[in-house]
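Commentary on secondary and tertiary structure
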Amino acid sequence: MGPAGETPPIFAQAAGTNLIYVVNIPPGTGEGSAIIVLKDSPFQTLASLKGKKVAYSRGTAQTFFVVKALEEVGLKISDVESVNLPVADGRAAFLNKTVDAFVEGDPNLIKLQREGSIRVLRDAQGIKTPGSYYLASRDFVTKNAELLKAILSEYYEVGQWANKNRRAAAEILAPKVKTDVDTMELTLARRKYDMKPITEEVINAQQKVADLLYQLKVVPKPVDVRGAILTTQEYAAITPDAVRNKA
């Protein structure tokens, strides 16, 4: 079992794997992801990026973010030149000025903001996404319901502690992600470690992402999210009580 953003489960389904959605992790504030330009860039608005090079990781949550942000200003994804690069390569291309804009995330976004070397054209605040998920194989879930519920309960409690003790959590995590404690603390403040049960609302939101990725030809075939969920009874057996009450 492990956590994943909204897009990996869709790729997993398209590839025919037997992973299922266990619980939903609601998105953060949206401040931790942004479409940015360099401070001296001539581009002042998202609309001004029409026909320009925008670097992001195609097929990740960044794809959904870019599409929805451009829609707000009357543009389609085809109205910009999408440059598909891994995050590190995209950042290098951006700083070398070989692309016009870049989708950056925390903690590096925070560092660039503090340096004053960039401008944010649009962060992800207000762009509603399904968030992310804990995934597990269907075989493991059906055979280990009690164990999985205990694991999820522990994850949930650790997350609640992190929400209430961000500085302490930052001190633990900062060395692991090779950043300073202050940056890590702000990164955590822009996130929320929580869980929600898999509900109709969550399923429908995830299906919209799946449909979008198919329309953009990011996945080769339509994906039915419901093919990767459990029955109501199965979810009742694995979902911690504190999480089930958030439905």
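Report follows, based on the coordinates. (Residues numbered from 1 in each chain as written. Predicted model: local features only at pLDDT ≥ 70, side-chain atom pairs only at ≥ 80, totals over all residues. Heavy atoms only, no water.)

A count of helices and strands for the chain gives eleven helices and eight strands. Looking at the chain alone, contacts between residues at least 24 apart form 81% of all its contacts between residues at least 6 apart. For the chain, the computed accessible surface area is about 12300 Å², with 53% contributed by carbon and sulfur atoms. One way to put it: in the chain the 32 positive side-chain charges average out to a point 3 Å from where the 28 negative ones average out. (Helix = DSSP H or I, 4+ residues; strand = E, 2+ residues; numbered from the N terminus. Contact = heavy atoms within 4.5 Å. Areas by Shrake-Rupley, 256 points an atom, 1.4 Å probe, with all protein chains shown as cover. Lys, Arg positive; Asp, Glu negative; His and termini not counted. Charge placed at Lys NZ, Arg CZ, Asp CG, Glu CD.)

Counting across every chain of the model gives 15 salt bridges. For Asp-106, the salt bridge identified is with Arg-190, shortest N-O distance 2.9 Å. One end of the pair, Asp-106, is in the loop between β6 (101-105) and α4 (108-115); the other, Arg-190, is in the loop between α8 (181-189) and α9 (200-215), with 84 residues separating them in the sequence. Take Asp-106 and Arg-190: they sit in the same class, and that class is buried. Its salt-bridge partner being Asp-194, residue Lys-192 comes within 3.9 Å of it at the nearest N-O pair. (Salt bridge = Lys/Arg side-chain N within 4 Å of Asp/Glu carboxyl O. Buried < 20%, exposed > 50% of the residue type's maximum accessible area, 1.4 Å probe, protein only.)

The next thing to look at is the sheet that holds strand β7 (residues 118-123). With respect to topology, five strands assemble into an open sheet ordered β5-β4-β6-β3-β7, the strand pairing being mixed. A single partner strand is all that each edge strand has here, and the edge strands are β5 (81-84) and β7. Geometrically, the sheet is characterised by an average inter-axis angle of 35° between neighbouring strands, direction not taken into account. Note that strand β3 (residues 33-38) and β6 share four bridges and pair antiparallel. By the bridge assignment, Ile-35 is partnered in β6 with Val-103. Against the sheet, helix α3 (residues 87-95) contacts β3, β4 (53-56), β6 and β7, and its axis sits at roughly 135° relative to β6. (Pairing = 2+ DSSP bridges. Axes fitted to C-alpha atoms, helices over the stretch in contact; angles between N-to-C directions.)

The contact between helix α6 (residues 145-164) and helix α7 (residues 166-177) brings their axes to 5 Å, and the two run at 110°. As summarised for this structure, α6 and α7 are arranged roughly perpendicular, according to the angle between their axes. Each of Trp-161, Ala-162, Asn-163 and Lys-164 in α6 lies in contact with α7, whose residues at this interface are Arg-166, Ala-168, Ala-169 and Ile-172. The residue inventory of the contact of α6 with α7, partitioned by class, reads five nonpolar, one polar and two charged. (Parallel < 35°, antiparallel > 145°, perpendicular 65-115°, else oblique. Nonpolar A, V, L, I, M, F, W, Y, C, P; charged D, E, K, R; others polar.)

This part covers the packing of α4 against α8. Look at α4 against α8: their axes get within 9 Å of each other, and the N-to-C directions meet at 115°. Considering the relative orientation of α4 and α8, their crossing is right-handed. Counting all contacts with α4, which are made through Ile-110, Lys-111 and Arg-114, the residues of α8 involved are Asp-182, Thr-183, Leu-186 and Thr-187. Here the residues of the contact of α4 with α8 are counted per class, giving two nonpolar, two polar and three charged. (Left-handed = near helix turned anticlockwise from the far one by under 90°.)

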